[in-house]
Amino acid sequence: MATSFRVLTDFGLRMAGTRSRRALRQLAAEALTAVTPDEVEQTARLLIGKAFPAAEQAALRLSAAAVWRTLEPIFGQPKDVLQRQTTGAVDFASGVRTIFLNLPKQRGICAEETEALTVGEVYATLVQIAALGGGGSRGEKELLLRELLCRADPDEAAFLVRNVVGEMRHGVNEGLLLEGIALAIDADFALVQRAFMLVGDVGTLAVLALSEGTAVLERLEIGLFTPLRPMLAQAVDDVPAAWVRQAGALALEYKLDGARVQIHKRGGEVRLYTRHLMEITASLPEVVEAVRTQITAETAILEGEVVAVGADGAVLPFPELMRRFRRVRDVPRLLAEAPVRVYLFDLLLRDGRSLLESTNAERWGELTQVLAAGSVLILTPRCLPVTVEEGAAFFDQAIDAGHEGLVAKRLEGLYTPGVRGGEWLKIKEALTVELVITAAEWGYGRRTGWLSNYHLAARDIVTGALVEVGKTFKGLTDEEFAEVTTALLDLTTDPEAHTVTVPPEIIVEVAFNQIQLSPSYPGGVALRFARIVRFRPEKTLDEIDTLQTLRDIYTMQSGQPWQQAA
DNA sequence: TCCAAGTGGCC
DNA sequence: GTTGTGC
DNA sequence: GCACAACGGCCACTTGGA
């Protein structure tokens, strides 16, 4: 019996009205068991708003703009008229719900009497949409979406739109869905978590768990060409903090500013995957070739950080790497223009033997054994500090060499995202500058009603003008957002605009990790990972930092001269 | 042929 | 990617 | 301690239209 899509929508609504994680986990479990076995995978994906596994290249390639174009014919109104219906809505999908509640669908476009949508139909249509490409495909995709929306009630429409934009915002995401799976089959969460790491995809895991049960999960093993979820690091302030957390039994490794890669090798066959399990083998042929020649093991799964390098061998800023990443056109040309290098730091499989039960120290030892000398694959600089001071010196060395900082790894730690966390700790350098708020954007979701995203400007000492160098929505408490909103509304003359401009009066200290060259900001530089750390009411406008200072920081950090980007 | 808008995926 | 919130 | 939801800048690619 096909489950009605309305059933899923109702679970979404109940989740949205629930805060307790225990209860959310319970709802996730209920949802998975409420549908038929062949709907479990679809249900798992639709519930968290990720229709397709990252490892597959499939994507809807449809978003808010496409939804507006789809809604126009359904209601026979232009976008701006529809948009007027949505004032006060908490977010985009809620606004769509309001439109469905208040406006009649066009008879000529949508049939009056229709069958209720089923889970399988909705999912199958999304698969169809994802499969479309080439000339005219935009219209075809929107037509398929329109057919679904025609048959949807207001709540179903909102649920669908949340899937299109990929943000459910009902409190259940991947993590809680995994907990729900564990609950549904009465398994240990650790078992489900381990299984997830190995299969890499919640949909696949949900079917496996619900239909096969715990015994199959227990038997899962690491497999070649099935990328696994990479282990992540928690942020800490400095080396002493990491030292305390890991009781002095740790390795410190350089943290390079590139992209994570997982390398799978069986003989001459090599594939490369990103952190989100996308395959990028075709973009990095020199890495593939280097794996063939430099990795002496017959089969291996390795992890490392890929970075772009200059002619002199120096590591280049992150955007240089992005020119290579996921590139399919002109690969040979870029290969010469922006060569890459991989700094290896882990080995998870060696000659058919899983190293998941081995400690970090053991895995590193094996890694050093399988790597032959060469220029493309090299070991990540690593040290085993005997004292905190030695560790701190290693951190300074990493920063001086132009890198992000360090990752601290507990020597006895296994390769698991461990429930306790903290097996890997990242330590990065943050700088701060004084900037002034020149505008702010209204927030959505839990930030509805607050000005939430602040435009930040520095002084250009040549022209004397204020120049925007970035935006931030981070670093303030709810209370502070409320206060700043009031203050900004006091200053502005156009509180109705989406972007509220204000005279430059509120000066803030802003932390950031890097200055990057910017093709879009007028000063040619932008802050990376900006967050507000404090208000500086005692400062005056002529005391804020200058554009020229930011450019100097760029030069200092990257080793590259500042220049206006193309 | 080139450009802009839209979308997805890195950090 | 960073941060604050709430369980 | 953990999961989630707020959203940042940049680059590659696709599509549709001038």
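Residues numbered from 1 in each chain as written. Chains lettered and ligands numbered in written order. Predicted model: local features only at pLDDT ≥ 70, side-chain atom pairs only at ≥ 80, totals over all residues. Heavy atoms only, no water.

A look at the packing of aromatic side chains
Stage number 1. Summed over all chains, the structure comprises nine aromatic pairs.
Stage number 2. Seen in terms of ring centroids, Trp450 and Phe481 are 6.1 Å apart; in terms of plane orientation they differ by 10°. Their pairing is stacked. You can see Trp450 sitting in the loop between β12 (431–442) and β13 (451–459) and its partner Phe481 sitting in helix α20 (residues 478–491), a full 31 residues away along the chain. Summarising the burial analysis for this pair, Trp450 and Phe481 share the class buried.
Stage number 3. Ring pairs connect the aromatic residues Phe345, Tyr415 and Trp424, which therefore count as one cluster.
Stage number 4. In this arrangement the basic side chain of Lys409 is found over the ring face of Trp424, its NZ or CZ atom lying 3.9 Å from the centre.
Stage number 5. Here Arg551 stacks its cationic end above the ring of Trp562, 3.8 Å away from the centre of that ring. (Phe/Tyr/Trp six-rings, centres within 6.5 Å; stacked < 30°, edge-to-face > 60°. Helix = DSSP H or I, 4+ residues; strand = E, 2+ residues; numbered from the N terminus. Buried < 20%, exposed > 50% of the residue type's maximum accessible area, 1.4 Å probe, protein only. Lys NZ or Arg CZ within 6 Å of the ring centre and 35° of its normal.)

So, the environment of Phe512
Stage number 1. Summarising the element assignment, Phe512 is placed in strand β16 (residues 507–512).
Stage number 2. The class for Phe512 is buried, based on a relative accessible area of 0%.
Stage number 3. For the pair Phe512 and Thr432, spaced 80 residues apart in sequence, the C-alpha to C-alpha distance is 6.2 Å.
Stage number 4. When residues no more than four places from it in sequence are discounted, the contact partners of Phe512 are Glu429, Ala430, Leu431, Thr432, Val433, Leu527, Arg528, Phe529, Ala530, Arg531 and Ile553. (Contact = heavy atoms within 4.5 Å.)

Here we look at the protein's contact with DNA strand C
Stage number 1. Inspection of the region around DNA strand C gives 14 residues, with Arg275, Lys474, Gly475, Asp478 and Arg531 positioned closest.
Stage number 2. By atom count, sugar and phosphate contribute 87% of the portion of DNA strand C lying within 4 Å of the protein.
Stage number 3. With respect to DNA strand C, the side chain of Arg21 contributes an N or O atom lying 3.1 Å from a base nitrogen.
Stage number 4. Note that a phosphate oxygen of DNA strand C is positioned 3.1 Å from one of the backbone N or O atoms of Gly475. (Near = heavy atom within 4 Å. Polar contact = N/O pair within 3.5 Å; in protein donor to acceptor, adjacent residues only side chain to side chain.)

Let's talk about the pairing of strand β11 (residues 424–428)
Stage number 1. The pairing of strand β1 (residues 234–236) with β11 spans three bridges and is parallel. By the bridge assignment, Gln234 is partnered in β11 with Leu425.
Stage number 2. Alignment of strand β10 (residues 405–410) against β11, held across five bridges, turns out to be antiparallel. Directly across from Leu406, in β11, lies its bridge partner Ile427. (Pairing = 2+ DSSP bridges.)

Brief notes about the sheet that holds β1
Think of a sheet as strands paired side by side through backbone hydrogen bonds, with each pair either parallel or antiparallel.
Stage number 1. Strand order in the open sheet formed by five strands is β1-β11-β10-β2-β9, and the pairing between neighbours is mixed. The open sheet has two edge strands with one neighbour each: β1 and β9 (382–383).
Stage number 2. Sheet topology places strand β2 (residues 250–255) next to β9; two bridges connect them, and they run antiparallel. Within β9, the position partnered with Leu252 by the bridge is Cys383.
Stage number 3. Against the sheet, helix α19 (residues 388–400) contacts β2, β9, β10 and β11, and its axis sits at roughly 140° relative to β10. (Axes fitted to C-alpha atoms, helices over the stretch in contact; angles between N-to-C directions.)

Digging into helix α7 (residues 119–131)
Stage number 1. Taking 1.5 Å per residue as the helical rise, α7 with its 13 residues ought to reach 18 Å, and the 19 Å between its terminal C-alpha atoms agrees with that figure.
Stage number 2. All of the buried residues along α7 are Val119, Val122, Tyr123, Thr125, Leu126, Ile129 and Ala130. An end-on view of α7 places all buried positions within 160° of arc, on one side of the element.
Stage number 3. Here the buried face of α7 lies against α1 (5–16), α3 (40–48), α8 (137–151) and α9 (154–165). (Expected span 1.5 Å × (residues − 1). Arc of directions from axis to C-beta.)

Considering unusual backbone geometry
Stage number 1. Even without a glycine there, the phi angle at Leu277 is positive, about 70°.
Stage number 2. One non-glycine residue, Asp351, adopts positive backbone phi at about 50°.
Stage number 3. Relative to the helices and strands, Asp351 is located in the loop between β6 (340–350) and β7 (353–354).
Stage number 4. In this structure Asp351 comes out as partly exposed when scored by relative accessible area, which is 46%.

Here's the deal with the side chain of His455
Stage number 1. Looking at the element boundaries, His455 is found in strand β13.
Stage number 2. Overall, the relative accessible area of 8% leaves His455 in the buried class.
Stage number 3. Ignoring any residue separated from it by four or fewer positions in sequence, one finds His455 in contact with Val436, Ile437, Thr438, Ala439, Ala440, Glu441, Glu468, Gly470, Lys471 and Thr499.

Brief notes about the nonpolar core
Stage number 1. Core analysis: the biggest nonpolar cluster contains 118 residues, and Leu71 and Leu377 have the highest contact counts within it.
Stage number 2. In this view, Leu377 contacts Val287, Ala290, Val291, Gln294, Ile295, Val342, Leu344 and Leu371; residues no more than four positions away in its chain are not counted.
Stage number 3. With 31 residues, the next largest nonpolar core counts Leu431, Leu451, Val525 and Ala530 among its residues. (Core = buried A, V, L, I, M, F, W, Y, C linked by side-chain atoms within 4.5 Å.)

Let's talk about the packing of helix α11 (residues 189–199) against helix α12 (residues 202–212)
Stage number 1. Their axes nearest at 9 Å, the elements α11 and α12 cross at an angle of 130°. In this view, α11 runs oblique relative to α12, as classed from their interaxial angle. Helix-helix and strand crossings are classified by hand; for α11 and α12 the assignment is right-handed. Seen from α11, the contacting residues are Val192, Ala195, Phe196 and Val199; seen from α12, they are Val202, Leu205 and Leu208.
Stage number 2. Of the residues in the contact of α11 with α12, the class split is seven nonpolar, no polar and no charged. (Parallel < 35°, antiparallel > 145°, perpendicular 65-115°, else oblique. Left-handed = near helix turned anticlockwise from the far one by under 90°. Nonpolar A, V, L, I, M, F, W, Y, C, P; charged D, E, K, R; others polar.)

By themselves these figures say nothing about function.
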